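Spelled out from the first residue to the last, the chains are:
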Amino acid sequence: QVQLVESGGGLVQAGGSLRLSCAASGITFSRNAMGWYRQAPGKQREFVARISSAGTTNYADSVKGRFTISRDNAKNTVYLQMNSLKPEDTAVYYCNTRISMFDYWGQGTQVTVSS
């Protein structure tokens, strides 16, 4: 079955950096677009970044220029490099892929940015 496992979250000071990883299994990874979403306390889950199977990327306006999504098809892993972190980036970050109109999610990894 499809499994997405995130890692790399933690506590960081404002201005710092983190790199999140999402290891995928049960899918033909190279053929799937992959995305990152986040959910802050009391807020709805929101889109952060996406990378297509061809490597085309797009980002939420709030993270453009600070976050970079990338993928390693040999490792079935998608990454989210987060730089210049702000307290408002604090959230649980989720990895996502959509197959046949169905969304699959990881368990999430907590990112906390202190001011």
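The numbering scheme is per chain: residues are counted from 1 as the chain's sequence reads. The predicted nature of this model means local features are confined to residues of pLDDT at least 70 and side-chain atom pairs, given and counted, to a pLDDT of 80 or more, with totals for whole chains, interfaces and linings taken over all residues. The side-chain figures draw on all heavy atoms in the structure; neither hydrogens nor water molecules are used.

Chemist: Honestly, the pairing of strand S9 (residues 91-99) in this entry has me stumped. Any pointers?
Modeler: Within a regular strand, side chains alternate between the sheet's two faces. Looking at chain direction, strand S4 (residues 34-39) and S9 are connected through five bridges and run antiparallel. Among the inter-strand pairings, Gln39 is bridged to a residue of S9, identified as Val92. At least two bridges found by DSSP between two strands is the condition for calling them paired. Helix and strand definitions here come from DSSP, where helices need a minimum of 4 consecutive H or I residues and strands a minimum of 2 consecutive E residues; each element is numbered from the N-terminal end. Bridge count between S9 and strand S11 (residues 109-114): three bridges; the pairing is antiparallel. Looking at S11, one finds that Ala91 is bridged to Val111. The pairing of S9 with strand S10 (residues 102-105) spans four bridges and is antiparallel. Paired with Ile99 across the two strands is Phe102, which belongs to S10. Following S9, the chain reverses through two residues before pairing antiparallel with S10; Ser100 in that reversal takes a positive phi of roughly 50°.

Chemist: Help me understand the packing of aromatic side chains, please; the structure alone is not making it clear to me.
Modeler: To describe a pair of aromatic rings, one takes the distance between the centres and the angle between the planes. Only Phe, Tyr and Trp rings are paired, with Trp represented by its six-membered ring, and only when their centres lie within 6.5 Å; those with planes under 30 degrees apart are stacked, over 60 edge-to-face, the remainder tilted. According to the stated counting rule, one finds four aromatic pairs in the structure shown. Between Tyr37 and Trp105 the ring centres are 5.1 Å apart and the planes differ by 75°, which places this aromatic pair in the edge-to-face class. In this pair, Tyr37 sits in strand S4 while Trp105 sits in strand S10, placing the two residues 68 residues apart along the sequence. Accessibility expressed as a relative area gives 23% for Tyr37, which makes it partly exposed. Ring geometry for Tyr94 and Trp105: centres 6.5 Å apart, planes at 85°, overall edge-to-face. Note on classification: 1.4 Å probe, protein chains only; a residue is buried when its accessible area is under 20% of the maximum for its type, exposed when over 50%, partly exposed between these limits.

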